[in-house]
Amino acid sequence: MSKLILSFSELKKEHEDDLKKLSNEYTVIHSLEEASSVKDIEIVYGWNKEEGPKLLENPEMNVKWIQLTSAGVDYMDLALLNKHNVTLTNASGIHSYAISESIFGMLLSHTRGIGYSIKKQMKSEWDEIDEAFEMNQRTMAIVGAGEIGRQTGKLAKAFGMKTIGVNRSGKPVDFMDEQFTQAQLAEALADADVVVNILPLTDETRNLFDLDLFKKMKQSAIFINVGRGSTVVTDDLLEALDEGNIAFAALDVVHQEPLPTDHPIYQRDDVLLTPHISGTLEDYSESAYRLFEENFKDYAENKPVSKNVVDYQSGY
């Protein structure tokens, strides 16, 4: 029986050649139609929301491992994968530099008046800002302190900031001055000047940031979301801004993407919206492939893949 790698994501010719050198037992295909039998498909690289479920629901499905090219896994049927003992790995970590840089780009756009100035420039107006503030000696709470959170903390320290990390376990993370568990989230946010949400979407995190939680933040706080849109109740966020519970929000992800053109967020001066671009890389396919290759080396030697294995119980 031939062994197939079904690639839904881009694999360059040199990538396919590299895989062949690592193991000549596997052949790369790019669609279900190319497989003479579904049973031959052992590895899936990337995902297709139409073709992927067809594969998983086929009674002859024999997939052993799926390597996603995204960090988020909330669009996958985790229960079904767990039932069939399919190992799932994600692309967590490949976005750490890009997203952390985007976080500070959005932050500085607001704190240094850059975004405001761009708007005025488009109107040929010279209008100085009334105030700006520095990152130095401010406190940043990083909610979801994994690989991206660690790199964000590193940048924050370069700006002279105090850092508070929040993760599920409360285990220490590099570049964090303090560490809290997710159960201690409200306490962690109380003194934060900047709150950065990098959480994945799970049953525990869905609609986590609601009005009650925003009310526990400083009235001068800046809220940044580069995690998942549905971890935030958008209407509650806007109410918190209207009521002065927080001062500003920068959103790279929202509950509905794209937002309808008549959504009030587009007209707000106290919200910066970017269209889910914080994780965009210079060469995404290359970065994602290097992670796949690292795992494939182990898999081809009949070793368990070890990089970015998704825990089906936690959902990430």
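Note: the structure precedes this text.
Predicted, not measured: the structure shown is a model, and the values here were computed from it. Each chain has its residues counted from 1, following the order in which its sequence is written. For a predicted model such as this one, the threshold for reporting local features is a pLDDT of at least 70, and the threshold for listing and counting side-chain atom pairs is 80 or more; totals across whole chains, interfaces and linings nevertheless cover every residue. Side-chain calculation: all heavy atoms of the structure are included, whereas hydrogens and water are not.

1. As for unusual backbone geometry
Rules: Helix numbering and strand numbering both begin at the N terminus, where a helix is a DSSP run of H or I of at least 4 residues and a strand a DSSP run of E of at least 2. Under the scheme applied here, a residue whose accessible area is under 20% of the maximum for its type counts as buried, over 50% as exposed, and between as partly exposed, the area being computed with a 1.4 Å probe on protein chains only.
The linkage connecting Glu257 with the following residue, Pro258, adopts the cis geometry, with an omega of -5 degrees. One can find Pro258 in the loop between β11 (248-251) and β12 (271-273). Phi is positive for Gln137, close to 75 degrees, though the residue is something other than glycine. Relative to the assigned elements, Gln137 resides in the loop between α5 (114-122) and β6 (139-143). The exposure class assigned to Gln137 is exposed, which follows from its relative accessible area of 64%.

2. Some remarks on the packing of helix α1 (residues 13-22) against helix α10 (residues 284-300)
Spelled out, the test is: Note on definitions: angles span 0 to 180 degrees between N-to-C directions of axes, and those axes are lines fitted to C-alpha atoms, for helices only across the stretch in contact. Roughly parallel here means an angle under 35 degrees, roughly antiparallel means over 145, roughly perpendicular means 65 to 115, and every remaining angle is called oblique. Contacts are assigned to residue pairs that have any heavy atoms within 4.5 Å of one another. Three categories are distinguished: nonpolar for Ala, Val, Leu, Ile, Met, Phe, Trp, Tyr, Cys and Pro, charged for Asp, Glu, Lys and Arg, and polar for the others, with Gly belonging to the last.
Their axes nearest at 10 Å, the elements α1 and α10 cross at an angle of 10 degrees. Regarding the angle of α1 to α10, the classification is roughly parallel. Each of His15, Asp18, Leu19 and Leu22 in α1 lies in contact with α10, whose residues at this interface are Ser285, Glu286, Tyr289, Arg290, Phe292, Glu293, Phe296, Lys297 and Ala300. In terms of residue class, the contact of α1 with α10 is made up of six nonpolar, two polar and five charged.

3. Quick word on the sheet that holds strand β5 (residues 87-89)
How we decide: Being paired, for any two strands, means DSSP has found at least two bridges between them.
Judged by pairing direction, the sheet is parallel, and its five strands sit side by side in the order β2-β1-β3-β4-β5 without closing on themselves. Only two strands of the sheet have a single neighbouring strand rather than two, namely β2 (26-29) and β5. The mean angle between the axes of side-by-side strands here comes to 20 degrees, regardless of whether they run parallel or antiparallel. As paired strands, strand β1 (residues 3-7) and strand β3 (residues 41-45) are joined by four bridges and run parallel to one another. Each residue of the ladder has a partner; that of Ser7, found in β3, is Tyr45. On top of the sheet, α10 reaches β1, β2, β3, β4 (65-67) and β5; it is set at about 150 degrees to β3, its chief contact.

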